[in-house]
Amino acid sequence: MAYHLVVLVKQVPDTKRITGEAMREDGTVNRAALPAIFNPEDLHALELALELRDRYGGRVTVISMGPPQACEVLRDSLERGADDAILLTDRRAAASDTLATSYILSCAIRTVARQTPVDLVLCGRQAIDGDTAQVPPQTAEKLGWPQITYVESVEEVAGRRLRAKRNTGAGWERVEGPLPCLVTVTDGGPHPRPASAKRIMAVKRARCRAEIAQAVAAEMPAATPEAQKAEVEKRAAALQARGFLIKQWTLDDIQADLAWCGRDGSPTKVKRIQSVILKGSGFKKIEATGDAIATMVHELIEDHTIG
Amino acid sequence: MIEANRQGDVWVVAEQNDGELHDVGLELLSKGRKLATELGVHLTAVVMGAKVDAHAKKLVQYGADRVLAAEHELLAHYQTQPFAKVVIGLLAQHRPQIVLFGATPVGRDLAPRVASALRAGLTADCTDLDIGEHTEPGSNHKYEKLLYQIRPAFGGNIIATIVNPERWPQMATVREGVMPMLEPDTSRRGEIVLMRPELTAEDAVLNVLESVHAEKRVNLKGSRTIVAGGAGVGSKENFRLLWDLANAMGGAVGASRAAVDSGWIHKDHQVGQTGVTVRPALYVAVGISGAVQHRAGMSEAKKIVAINTDPNAPIFGVAHYGIVGDLNRVIPMMIDAIKKRV
């Protein structure tokens, strides 16, 4: 039995490589100064989806919500073996909190499912820019589907039942649930396969419409808007014919109710952002000598820190 | 959506796993107590399980004015949907103004499911909570006594304060170990409401086939002193010295992610954003450079001693005592000094 697997992926700033330059004076983060990467746990979700497709047959559709640059992670997904990729991009989706994001993603999954019913949605447990882990359970709730979080492996999919092993933090459990459902995958999930050289050659030309428009604007700055538009259409049609046009959807394409999207659709508001300041009050430098260290230990015993 | 109830109570959803009450619920009661007092409302705890009356009594001793104790055999072992159904039903019925969950694997699975169903805001992994006013930019509408939900973001590089002005209840998950627990007061009296929620087998959509509890190898949260090592320790053999120092002080051994990833010590020992958050009396950081992800898990220690060969390591920025030197020389001197005490 073949399955339609949808993977939700996110392009994130590499927060592990944050440096002084990435922080502005006002304490906000300059995202442009950070390299953008494939959210690490989403790669494990993608790998699990690819393995299930290889085992049982079916298709893997990858969806990413973000600016046109997010096409990078979609191309990466296609290079690793995904069958189809969709970019959800719309300025009206900016400033969405986790609830609004989950609403938008659920609309996108429903739209995909209208063409081919979706059996399983896979996501990374959490994204490293926010670390909230909230979007997947909220998306499952919006779809009215069961959720299985912190999955490390799927033992079997048989008919309309799935059996998975999940990490509970205090051990692990094996659970069985119905399809369709949503699973979140941790970094304990299967190791992501590298992109195949053959697929890289095939996929490297894949673009979404917004990227084509950017390229056309850069290459034909003197052309009229109409001429640019015609060129975009021409290039898009050429890519489409070869199967290299990455689908690009707006909130209208997924029939999202704008009241539930973006800033208006987000109950939570950021009131203040502060950069982390090292505090260390009353710092004492201790020489690496027996006497100085004995004095320090003595102080720690005196103030009941030790003992 | 439920209508905002500006006079609603403060709620803590206390977690129990297979008969054991989780510490984070008790930690949240101490913070919830303060918030409720400031708002002039009551503090309610919710606990769900097959048999929870003993937990309910304990929650009163830790500060709850009222405990809603939901007992049902389908709540014996955690799974998302039946638990979410019970919480959603209680929230719609009682309309509290604030609902707090522990940011445990269970809390982070349950709270977003509940918040989504109520279309309410939810902030993840808070490290602090406060009450304050807020003026909404644009409308200039002023709100009194909102919950400030304070959390690290961007890998711990920034601290964000989040508010939820309209779509209540104001919900947050709160990290374990960041709120100090109150001493229980056995003479405290509170109302305990035992209830049997309406659940059917269809609510439990998952079958839990097997559940294995793997005890953590170390109780870092409960240790008064922690000796932790990072990449600078250099080898598994050198970690031996850290164990010796910890033993001399009756403490535990912790580690940074770099040391865990190098295979020198088990993941259960990891302190920091992806490990545990600790607030011991003494934290000795050995060969730990002090990346924000690590500092997020230990900067609340009362005293921090940093030992590092690099005088510019960021760890010295949070330390109370800093020793620039080789751990193979410094640690034996410390052990020696501790053994010679009194």
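Everything numeric in this text was worked out from a predicted model, so none of it was measured.

1. Comments concerning the overall build of chain B
- Along the backbone of chain B there are 8 helices and 18 strands.
- A compact globule built from 342 residues would reach a C-alpha radius of gyration of about 20 Å, and chain B, at 22 Å, matches this within 12%.
- Once the C-alpha set of chain B is aligned to its principal axes, its extents read approximately 65 × 50 × 40 Å.
- For chain B, with 342 residues in total, the buried portion stands at 56%.
- Long-range contacts, defined here as pairs at least 24 residues apart, represent 67% of the contacts in chain B between residues at least 6 apart.

2. Quick look at the interface of chain A and chain B
- Facing 65 residues of chain A, the contacting portion of chain B comprises 69 residues.
- When residues of the side of chain A that touches chain B are traced back to their parent elements, those giving at least two are helix H3 (98-115), helix H4 (135-143), strand E7 (147-158), strand E9 (171-178), strand E13 (269-275), strand E14 (284-286) and helix H8 (290-302) of chain A.
- No other element matches E9 of chain A, which puts 8 residues into the side of chain A that touches chain B.
- When grouped by side-chain class, the residues that make up the side of chain A that touches chain B number 29 nonpolar, 21 polar and 15 charged.
- Pairing analysis gives 6 bridges linking E9 of chain A to strand E13 (residues 207-213) of chain B, with the strands arranged antiparallel.

3. A look at the environment of Trp 264 of chain B
Residue and element names in this part refer to chain B.
- Turning to its location among the elements, Trp 264 is positioned in the loop between helix H6 (257-261) and strand E16 (282-286).
- When the C-alpha atoms of Trp 264 and Ala 153 are compared, they prove to be 29 Å apart, with 111 residues separating the residues in sequence.
- If sequence neighbours within four positions are ignored, Trp 264 has contacts with Val 233, Ser 235, Lys 236, Phe 239 and Ala 259.

4. Focus on the domain arrangement of chain B
Residues and elements named next belong to chain B.
- Segmenting chain B into domains produces domain 1 (10-203) and domain 2 (225-339).
- One C-alpha centre belongs to domain 1, the other to domain 2, and the line joining them spans 33 Å.
- If you look at the interface, domain 1 gives 8 residues, while domain 2 gives 8 residues.
- Residues belonging to the side of domain 1 that touches domain 2 are distributed by class as follows: 2 nonpolar, 4 polar and 2 charged.

5. Concerning the pairing of strand E5 (residues 84-88) of chain A
Residue and element names in this part refer to chain A.
- With 4 of 5 residues buried, E5 is to be regarded as a mostly interior element.
- In this sheet, E5 lies alongside strand E4 (residues 58-65) in parallel orientation, the contact comprising 5 bridges. Paired with Met 65 across the strands is Leu 88, a residue of E5.
- Bridge count for E5 against strand E12 (residues 245-249) is 3 bridges, and the pairing is parallel. By the bridge assignment for E12, Ile 86 is matched with Lys 247.

6. Quick word on H4 of chain A
- Within H4 of chain A, 9 of the 9 residues are buried, which leaves the element mostly enclosed by the surrounding structure.
- Along H4 of chain A, the residues classified as buried are Val 135, Pro 136, Pro 137, Gln 138, Thr 139, Ala 140, Glu 141, Lys 142 and Leu 143 of chain A.
- Buried residues along H4 of chain A sit against H3, strand E6 (120-124), E7 and strand E10 (181-185) of chain A together with helix H4 (105-118) of chain B.

7. Some details on the sheet that holds strand E11 (residues 170-174) of chain B
All names here are of chain B.
- The 7 strands lie next to each other as E7-E11-E6-E1-E4-E5-E12, forming an open sheet whose pairing is parallel. Across the chains shown, the open sheet's two edge strands, defined by having one partner strand only, are strand E7 (122-126) and strand E12 (191-195). Geometrically, the sheet is characterised by an average inter-axis angle of 20° between neighbouring strands, direction not taken into account.
- Of the strand pairs in this sheet, strand E4 (residues 43-49) and strand E5 (residues 66-71) are connected by 6 bridges, and their pairing is parallel. Paired with Ala 45 across the bridge in E5 is Val 67.
- Those strands touched by helix H2 (residues 53-61) are strand E1 (10-14), E4, E5 and E12, and its axis lies near 165° from that of E5.
- Packed on one face of the sheet, helix H3 (residues 80-94) meets E1, E4, E5 and strand E6 (98-102) and runs near 150° to E4.

Rules used in this analysis
Residues numbered from 1 in each chain as written. Chains lettered and ligands numbered in written order. Predicted model: local features only at pLDDT ≥ 70, side-chain atom pairs only at ≥ 80, totals over all residues. Helix = DSSP H or I, 4+ residues; strand = E, 2+ residues; numbered from the N terminus. Rg over C-alpha atoms; globule rule 2.2 N^0.38 Å. Buried ≥ 20, exposed ≤ 12 C-beta atoms within 10 Å, placed from the backbone. Contact = placed C-beta atoms within 7 Å. Nonpolar A, V, L, I, M, F, W, Y, C, P; charged D, E, K, R; others polar. Pairing = 2+ DSSP bridges. Domains from an automatic or database assignment. Axes fitted to C-alpha atoms, helices over the stretch in contact; angles between N-to-C directions.

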